[in-house]
Amino acid sequence: MNQSLLSEALPGSPLYEQVKQAVLTALAQGEWKQGDAIPPEKQLAERFGVSIGTLRKAIDDLAAENILVRQQGRGTYVAVHSRNAHFFKFFRIVRQDGHKSYPTTALQRFRRVRASALVREKLGLPTGASVFEFSNVLSLNGDVVQVDDISLPETRFAGLTERILRERTSTLYSFYQDVFGVNVIATDERLRTCLADMQHAAWLGVEEGRPLLEVRRVAYSYSRQPVEWRVSRVNTEHYEYLGQDGALA
C-alpha cells in the first residue's frame, strides 16, 4: 500500500491518520490477532510508503488508545485486554456507596432471528441479516440489578449457541475476544428512563411500571465496526451509573 492508496482511503486527513486507519483496517480484517506482534516499523513504513517518523506517530496513537502495546526490546503487539481494566471500562453500574463488584449473570433466553430495522441500523446490517439475541439478568452483591438485552451479528459470531454462551467462564467481552476474535475497544451509550414492562419487571423483581434507567449501547471493534447492540435496564434503588472516567479509576 502506498501514499496514493492511503489518500484514497482517508482523503484530506494527515498522513499519519491515514496510516493509523490502514492499521485499524488490517486489524479489523484479522490480519493480526490479539497478542500477535505486528511487523517491524521499517517494514510497515515501506508497506505504506511513508517515513519512519510518520509510521511511528500512527503507532504512538494506537498505543495511547491501548489498541497496540509496545514491549521494550521485543516489538509492538496487538493488545490483549486484562480482565479488570477491560471489564470496568465498560461496566459502569456501582452500588450507591461507590463499591464496584463483578456481577453474577443468568442467561434467560437465547434465539437466532432476523434483525429488526432498529438492530440493522445500529449494527450496519443489510435487510434480511440474522442476529443472535439473548437476555441476561445481572446481580450485584446478591441484588438483582440489571437486565441486558443483546443483539450480535451472526456474521461476526458464527457458531454461537445457547450452550457455549451459558457455559462461558469469562466476562462477555473477554468471551467475544477469546472465542470469536472480536475485540471491543469503544462504546457509544445513551441514557434515558423507561418504565418496567411485565417481562423485565418479573426478571428484576419489581412492580410493572416502575421507573428504570435505560442504557442503550453500541459496542465497536477496530475501525468503528459495530459488533454489539445492547439495551440495559437498571433498577437504581440502591445502584447508580458511574461515568467512564470514574469507571476507569
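Scroll up a little and you will see the structure.
Residues numbered from 1 in each chain as written. Predicted model: local features only at pLDDT ≥ 70, side-chain atom pairs only at ≥ 80, totals over all residues. Heavy atoms only, no water.

Student: Mind showing me how you'd approach the overall build of the protein chain here?
Tutor: When you go through the protein chain residue by residue, the secondary structure sums to ten helices and ten strands. Long-range pairs, those at least 24 residues apart, make up 60% of the contacts in the protein chain with a sequence separation of at least 6. Of the roughly 12,500 Å² of accessible surface on the protein chain, 48% is carried by carbon and sulfur atoms. (Helix = DSSP H or I, 4+ residues; strand = E, 2+ residues; numbered from the N terminus. Contact = heavy atoms within 4.5 Å. Areas by Shrake-Rupley, 256 points an atom, 1.4 Å probe, with all protein chains shown as cover.)

Student: Even after reading the chapter, I still don't get the pairing of strand S9 (residues 226-234), so can you show me in this structure?
Tutor: Side-chain direction in a regular strand flips from residue to residue, so the side chains alternate between the two faces of the sheet. Burial runs high along S9: eight of the nine residues are buried. By the bridge criterion, six bridges tie strand S6 (residues 143-153) to S9 in an arrangement that is antiparallel. Considered in S9, the bridge of Asp149 is made with Val231. Bridging between strand S8 (residues 211-220) and S9 involves eight bridges; their strand directions are antiparallel. The residue bridging Arg216 from the neighbouring strand is Val231, located in S9. Taking the residues that link successive antiparallel strands as the turn, the S8-S9 hairpin has five residues, and the phi of Ser223 there is positive, at about 60°. (Buried < 20%, exposed > 50% of the residue type's maximum accessible area, 1.4 Å probe, protein only. Pairing = 2+ DSSP bridges.)

Student: How should I be thinking about the packing of helix H3 (residues 41-48) against helix H4 (residues 52-64) in this particular structure?
Tutor: To describe two helices that pack against each other, one gives the angle between their axes and the distance between the axes. The geometry of H3 relative to H4 is characterised by a closest axis approach of 9 Å and an angle of 105° between their N-to-C directions. With respect to their mutual orientation, H3 and H4 come out roughly perpendicular. Every residue of H4 that contacts H3 at Glu41, Lys42, Leu44, Ala45 and Phe48 is listed here: Ile52, Leu55 and Arg56. Classifying every residue of the contact of H3 with H4 by side-chain character gives five nonpolar, no polar and three charged. (Axes fitted to C-alpha atoms, helices over the stretch in contact; angles between N-to-C directions. Parallel < 35°, antiparallel > 145°, perpendicular 65-115°, else oblique. Nonpolar A, V, L, I, M, F, W, Y, C, P; charged D, E, K, R; others polar.)

Student: Explain the side chain of Arg210 to me, please; I cannot follow it from the model alone.
Tutor: Along the polypeptide, Arg210 turns up in the loop between helix H9 (198-204) and S8. Among the polar contacts listed, one links the side chain of Arg210 to the side chain of Glu237, at a separation of 3.4 Å. What Arg210 contacts, discounting residues up to four positions off in sequence, is Cys194, Leu195, Ala196, Asn235 and Glu237. (Polar contact = N/O pair within 3.5 Å; in protein donor to acceptor, adjacent residues only side chain to side chain.)

Student: Just checking my understanding: could you explain unusual backbone geometry for this structure?
Tutor: Glycine aside, a negative phi is what most residues show, and trans is what most peptide bonds show. The backbone of Asn141 shows a phi angle near 55°, a positive value even though the residue is not glycine. Assignment of secondary structure puts Asn141 in the loop between strand S5 (130-140) and S6. By relative accessible area, Asn141 is classed as partly exposed at 38%.

Student: Mind showing me how you'd approach H4 here?
Tutor: Since there are 3.6 residues in each turn of an α-helix, residues three or four apart along the chain are aligned in direction. Over its 13 residues, H4 extends 18 Å from the first C-alpha to the last, a length consistent with the 18 Å expected when each residue adds 1.5 Å. Along H4, the positions that sit buried rather than exposed are Thr54, Leu55, Ala58, Ile59 and Leu62. One side of H4 holds all its buried residues, which, seen down the axis, span an arc of 135°. Those residues of H4 hidden inside the fold are in contact with helix H2 (15-28), H3, strand S1 (68-71) and strand S2 (75-78). Note on H4: the residue one or two positions beyond its end, Asn66, has a positive phi of about 60°. (Expected span 1.5 Å × (residues − 1). Arc of directions from axis to C-beta.)

Student: Got a minute to help me understand the sheet that holds strand S4 (residues 104-114) in this structure?
Tutor: Strand pairing in a sheet is mediated by backbone hydrogen bonds. Such pairs are either parallel or antiparallel. The antiparallel open sheet is built from six strands, whose spatial order is S4-S5-S6-S9-S8-S7. Looking at the sheet topology across the chains shown, the edges are occupied by S4 and strand S7 (186-195). Strand-to-strand twist of the sheet, defined as the mean angle between neighbouring strand axes without regard to direction, takes the value 15°.

It is worth stressing that arrangement in space is one thing and function is another; only the former is reported here.
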